[in-house]
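# Examination of the molecular architecture
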Amino acid sequence: MNLTTYLLAGYPGLVVITSEEARAEAEIASVCDSLNRRLHAWSSSEGFICPKERRVNPCPDPLDALQLVEDVFPPEGEKQVVLLRDFQLHLDQSDPPLIRRLKDILRVAKSGGHALILLGCRLKLPPELEHEFAQVGFNLPDANQLGLVLDGILQSADIKRLSAATREGALQGALGLTTTEAENVFALSVVETKKIDPKVIAREKARTLKRSGLVEVVEASTGLADIGGLDQLKQWLVRRAGAFSASAKAYGLPAPKGLLIVGIPGTGKSLTAKATAGAFGLPLLRLDMGRVFGGIVGQSEANLRSVIQTAEAIAPCVLWIDEIEKGFSGSKSSGSTDGGTSSRVFGSFLSWMQEKEKPVFVVATANDVSKLPPEFLRKGRFDEMFFVDLPDAQERSQIWDIVIARHGRKSTDFDCVALSRACENFTGAEIEAVFVDALHEAFAESREPTEKDILDAASRTVPLAKLMDAQIKALRQWSTGRAREAGKATERQTRGTRHVIQAN
Ligand code: ATP
């Protein structure tokens, strides 16, 4: 927390947004101690408290509380800090006298060198106060802070020995959790296994994050070898696989920012996101951008902040944003449709992409680029933009190899070249669906699938490319000159559909 700097600089209004009230308060108290400032706190339930003097003044009303604040802000002399808990709940109701009073007090605070800190898990200030408060960053606990929590659990469970590797595994596994969540997860591991088990911790973290509904940890055992075709994209990933290592850092290499993959559904974009985490050897987080947009005012911004905090706490990691256009498509018309929320969240996301220092590699996938705001596609946001087209004959043959093996059969038992020929214009997902169809047919007759089963299933399939011909052509046209081809583009060039260069 950079609170010390703000207090020394004389900021009268500060905001700390976190759900870790106790940890934040402990940190605020320690900063106040070190700067010799007296700390007071108010909440509607406890009233006005000066913890050091143990003086309590019951005062449930926020307006009365502000009067008490003014009383403890002398025009000169000892500098004071007042912490207001959950004050946003009162501001949400847009109470003009309360807003006015707060502005008056900030003026008093400024002239006396005092400070007012609003503490809560979300905060949407009314426009009258937006520029009066500065937000102080408060990150999730790092491995050292989690280490203290772990020590507490070890002590209370009377566990005396913990190997360095287990300790490291437990702490890494708990990154991304709050101190309370980490404490619960460590305690659960002890109750369940009578020891600290990094596997239990990783499992429980995945569950805890999933419950938040914003990000989930994806356990993917996928590698680049599981992707048929997309050679250029795979090569790009291979060349960046070491870029998160300590030696890359020592070399002075900036951590790659991310990748945008556009293409029609079923061509392996999600598969590539999973394989990226596998190739980089990093944990994979999946973000549901649609869920970021919550119902309560100010919730969407808070949701995005929480996602960024989680990803940065777990970093280095891969953050996969599936169908990103669904989240940001409303940002163009946001002013008239949702009071500007989408465009504000979109703006915050772009600034984070541009400025992020923590190694969070973003893999965003999109089916419909027309819904993406142009600023998103500007150079510098992502390291590279790839377009995934329908697989050509050779790529389809590779996909057949992979799909047959994935379903526990030998690809050498089938003529993958002939199967590829029968599946012209099929996506990888459709090729897989054809094989699954053939498996069902064969299973119903208690036998193994034959090439004929597969060819029959293929002839029953109408590929999406037929139904989406116009959209696919538009996507190819759009990507020309803007995005790199993910595959080889051999057969496609002879189709003659990718050579119309569109002006911006
Ligand atoms: P959507 O936009 O609908 O999410 P997508 O482009 O992300 O589609 P995937 O979900 O990655 O497509 O593909 C669906 C499934 O199809 C994959 O899990 C995989 O089984 C198979 N598949 C697709 N493309 C390939 C490929 N190039 N190589 C191997 N398998 C593939």
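Procedures and definitions
Residues numbered from 1 in each chain as written. Predicted model: local features only at pLDDT ≥ 70, side-chain atom pairs only at ≥ 80, totals over all residues. Heavy atoms only, no water. Near = heavy atom within 4 Å. Polar contact = N/O pair within 3.5 Å; in protein donor to acceptor, adjacent residues only side chain to side chain. Areas by Shrake-Rupley, 256 points an atom, 1.4 Å probe, with all protein chains shown as cover. Helix = DSSP H or I, 4+ residues; strand = E, 2+ residues; numbered from the N terminus. Nonpolar A, V, L, I, M, F, W, Y, C, P; charged D, E, K, R; others polar. Domains from an automatic or database assignment. Buried < 20%, exposed > 50% of the residue type's maximum accessible area, 1.4 Å probe, protein only. Pairing = 2+ DSSP bridges. Contact = heavy atoms within 4.5 Å. Axes fitted to C-alpha atoms, helices over the stretch in contact; angles between N-to-C directions.

## Quick look at the site of the ligand
Taken together, 17 residues form the shell around the ligand, and within it G266, K269, S270, R406 and E432 come nearest. G266 places a main-chain nitrogen or oxygen 2.7 Å from an oxygen atom of the ligand. Within the side chain of R406, one N or O atom sits 2.5 Å away from an oxygen atom of the ligand. Protein chains bury 82% of the 620 Å² of accessible surface belonging to the ligand in isolation. Broken down by secondary-structure element, the contributors of at least two residues to the shell around the ligand are α13 (269–280), α20 (393–406) and α22 (428–444). Looking at the shell around the ligand residue by residue, the class counts come to six nonpolar, seven polar and four charged. There are two domains that each give the shell around the ligand at least three residues, and those are domain 3 (240–385) and domain 4 (393–424 + 428–462).

## Focus: the environment of S245
Note that S245 resides in the loop between α11 (231–240) and α12 (246–251). According to the relative accessible area criterion, S245 is partly exposed, its value standing at 29%. One polar contact links the side chain of S245 to the main-chain carbonyl oxygen of G242, over a distance of 2.7 Å.

## Structural notes on the domain arrangement of the protein chain
Segmentation of the protein chain into domains returns domain 1 (3–136), domain 2 (143–211), domain 3 (240–385) and domain 4 (393–424 + 428–462). Placing the centre of domain 1 and that of domain 3 at their C-alpha centroids yields a distance of 34 Å.

## Some thoughts on the sheet that holds strand β11 (residues 317–321)
Taken together, seven strands build an open sheet; the order of strands is β8-β10-β11-β12-β9-β13-β14 and the sheet is mixed. Of all strands in the sheet, those bounded by a partner on one side alone are β8 (215–218) and β14 (484–485). Note: strand β9 (residues 258–263) against strand β12 (residues 360–366), five bridges, orientation parallel. For I261, the partnering residue across the bridge sits in β12 and is T365. Against the sheet, helix α10 (residues 198–212) engages β8 and β10 (284–287), with an angle of about 150° to β8. Against the sheet, helix α25 (residues 469–479) engages β9 and β13 (384–388), with an angle of about 150° to β13.

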